[in-house]
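# Structure assessment
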Protein chains: 2
Amino acid sequence: MAKQDRAIRTRQSILEAAAVVFDERGYDAATITEILARAEVTKGALYFHFASKEELALAVIDAQMATDLPAGEPGRTSKMQELVDMGMIFAHRLLVDPLLRGSVRLTLEHGSTNLNRSSPFNGWTELHTRVLEEGKERGEVLPHVVPADTAELIVGAYAGINTMSQAINKRADLERRATVLYEHVMPSVAVPSVLARLDMAPGRGARALAEAERRRAAAQVPEVTPAGVA
Amino acid sequence: MAKQDRAIRTRQSILEAAAVVFDERGYDAATITEILARAEVTKGALYFHFASKEELALAVIDAQMATDLPAGEPGRTSKMQELVDMGMIFAHRLLVDPLLRGSVRLTLEHGSTNLNRSSPFNGWTELHTRVLEEGKERGEVLPHVVPADTAELIVGAYAGINTMSQAINKRADLERRATVLYEHVMPSVAVPSVLARLDMAPGRGARALAEAERRRAAAQVPEVTPAGVA
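Summary of the structure given here.

What counts and how
Residues numbered from 1 in each chain as written. Chains lettered and ligands numbered in written order. Predicted model: local features only at pLDDT ≥ 70, side-chain atom pairs only at ≥ 80, totals over all residues. Heavy atoms only, no water. Salt bridge = Lys/Arg side-chain N within 4 Å of Asp/Glu carboxyl O. Helix = DSSP H or I, 4+ residues; strand = E, 2+ residues; numbered from the N terminus. Buried < 20%, exposed > 50% of the residue type's maximum accessible area, 1.4 Å probe, protein only. Least-squares fit on C-alpha atoms with pLDDT ≥ 70 in both. Contact = heavy atoms within 4.5 Å. Buried area = accessible area lost by both parts, 1.4 Å probe. Axes fitted to C-alpha atoms, helices over the stretch in contact; angles between N-to-C directions. Left-handed = near helix turned anticlockwise from the far one by under 90°. Nonpolar A, V, L, I, M, F, W, Y, C, P; charged D, E, K, R; others polar. Parallel < 35°, antiparallel > 145°, perpendicular 65-115°, else oblique.

Attention now moves to the pattern of salt bridges. Residue and element names in this part refer to chain A. If you walk through the whole model with that rule in mind, you get 27 salt bridges over all chains. Put simply, Glu-34 and Arg-25 hold a salt bridge, and the shortest N to O gap is 2.9 Å. Across the pair Arg-204 and Asp-85 runs a salt bridge, and its minimum N-O distance is 2.7 Å. Residue Arg-204 is found in helix 11 (residues 204–218), and its partner Asp-85 is found in helix 5 (residues 79–96); the two are separated by 119 residues along the sequence. Judged by its relative accessible area of 3%, Arg-204 is buried. Each of Asp-85, Asp-199, Arg-204, Arg-207, Glu-211 and Arg-215 takes part in salt bridges that share partners, so that together they form one network.

Structure (structure tokens):
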């Protein structure tokens, strides 16, 4: 293994270990010592990649935007399905991906520190705005919709159902709550002919990923790397 | 001042001081010492009312349900306006009421402790469910609406726009975000004739409180106590 590959893997192990510790303890209570123990790396290795706990937390926060959501893939029925899929796939992955869970906890925790949590909100809002604007160009979106407002609403509301699901039953019902959100909001966003064909039902996250997988296989595009889907 | 009145006021001062400290520092970093200094009471007085920091935090959390929202008042145009007003008045009060701010922070902070945060989510959900059920009986609600699902969605989504507003600009735009939420959700909830008459615009919180005040004056009902509107 080349020196550079090893460095990338070490960085990834540290990030994943940190995400688990942040998810379990929160930012304030998490310690570098515990992250080191879980990542099984030396203090020197950790500080080579991240100068401080804060820098580590910011990298974990940013990792939620780096997860390989199949946005903009060809073969989707509509841009509005793509919009819904962002949330449905996120709900699905949150149950299986510790890095995403740590990132979400740090983002939604209104902690005592000055950790800047606005970056995922802004990142997701930009992504949603872009998809809504593209949908508008294709005639999928109702005329009164202001893409940036709708984007901010969906991102904010989604964060809230996530927090509520966490507070009430450890996120076990997030997918069902995401379905209820889209069922209430999409009739105010999509034109009826597009709305009627949207799949917003629980399980859509897994279905969308399976569809993307089939499209990739059919197109004989090389598979995404494990890091990309983790 | 009777002994009992004094005890009630002392309890209220402690609660308000605790709310400010929790809002500024978060649950984990807040100390009893700081709360004592801000409330200007003795340690003995504090422990007479609250056995621990946890008990104090739970009382602050519960205080958000005790704030005197004029729910169920006569003179409202519709139950759906009452539904919208719960959120618009909340946004208005959050800017002026430190006790509510502390309560909201504790509720939305996914802290490292086992503090039970589900109570306001459940309380608000029950209140929203009741208003939706009453609206349904009066023919204000679309037939496919399941009151408990819609109630949970609105409460969860509201919590999220609150968190996002906090993360991005210290809640300065919460009212505008609440307006965007209701504009997107209410068309999927209220029948068109009721929808057309809803006031969901920014400033509705202050307008609803002023209307309630005028109705009270007209009915010559005694004013609510300062504690009730604080």
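Moving on, we come to the relation of the copies chain B and chain A. In the superposition of chain B on chain A (RMSD 0.1 Å, axial shift 0.0 Å), the rotation amounts to 180°. Expressed as a symmetry operation, the mapping of one chain copy onto the other fits a two-fold axis. Most of the interface of chain B is mirrored in chain A: 100% of its interface residues are interface residues there too.

Taken together, the contact pairs 39 residues of chain B with 39 residues of chain A. Between chain B and chain A the total buried area reaches about 3,100 Å² when both faces are included, carbon and sulfur atoms providing 63% of it. Sorting the residues of the side of chain B that touches chain A by element identifies helix 1 (3–25), helix 6 (98–108), helix 7 (118–137), helix 8 (147–169) and helix 9 (174–185) of chain B as the ones contributing at least two each.

Right, let's get into the packing of helix 8 (residues 147–169) of chain A against helix 9 (residues 174–185) of chain A. Residue and element names in this part refer to chain A. Between helix 8 and helix 9, the least distance of the axes is 10 Å, while the angle of their chain directions is 150°. Remark: the crossing between helix 8 and helix 9 carries right-handed chirality. Together, Leu-153, Ile-154, Ala-157, Tyr-158, Ile-161, Asn-162, Met-164, Ser-165 and Ile-168 of helix 8 and Leu-174, Arg-177, Ala-178, Leu-181, Tyr-182 and Val-185 of helix 9 make up the contact between the two elements. Considered class by class, the residues forming the contact of helix 8 with helix 9 number 12 nonpolar, two polar and one charged.

Residue and element names in this part refer to chain A. Backbone geometry places Glu-40, a non-glycine residue, at a positive phi of 55°. Tracing the chain through its elements places Glu-40 in the loop between helix 2 (32–39) and helix 3 (43–49). Residue Glu-40 is classed as exposed on the basis of its relative accessible area of 71%.

In this section: the packing of helix 5 (residues 79–94) of chain B against helix 9 of chain B. Residue and element names in this part refer to chain B. Where helix 5 contacts helix 9, the axes come no closer than 9 Å and their chain directions differ by 165°. By the angle between their axes, helix 5 is roughly antiparallel relative to helix 9. Where helix 5 crosses over helix 9, the handedness of that crossing is right-handed. For the pair formed by helix 5 and helix 9, the contact residues are Leu-83, Val-84, Gly-87, Met-88, Ala-91 and Leu-94 on the first element and Leu-174, Glu-175, Ala-178, Thr-179 and Tyr-182 on the second. Split by residue class, the contact of helix 5 with helix 9 holds eight nonpolar, two polar and one charged.

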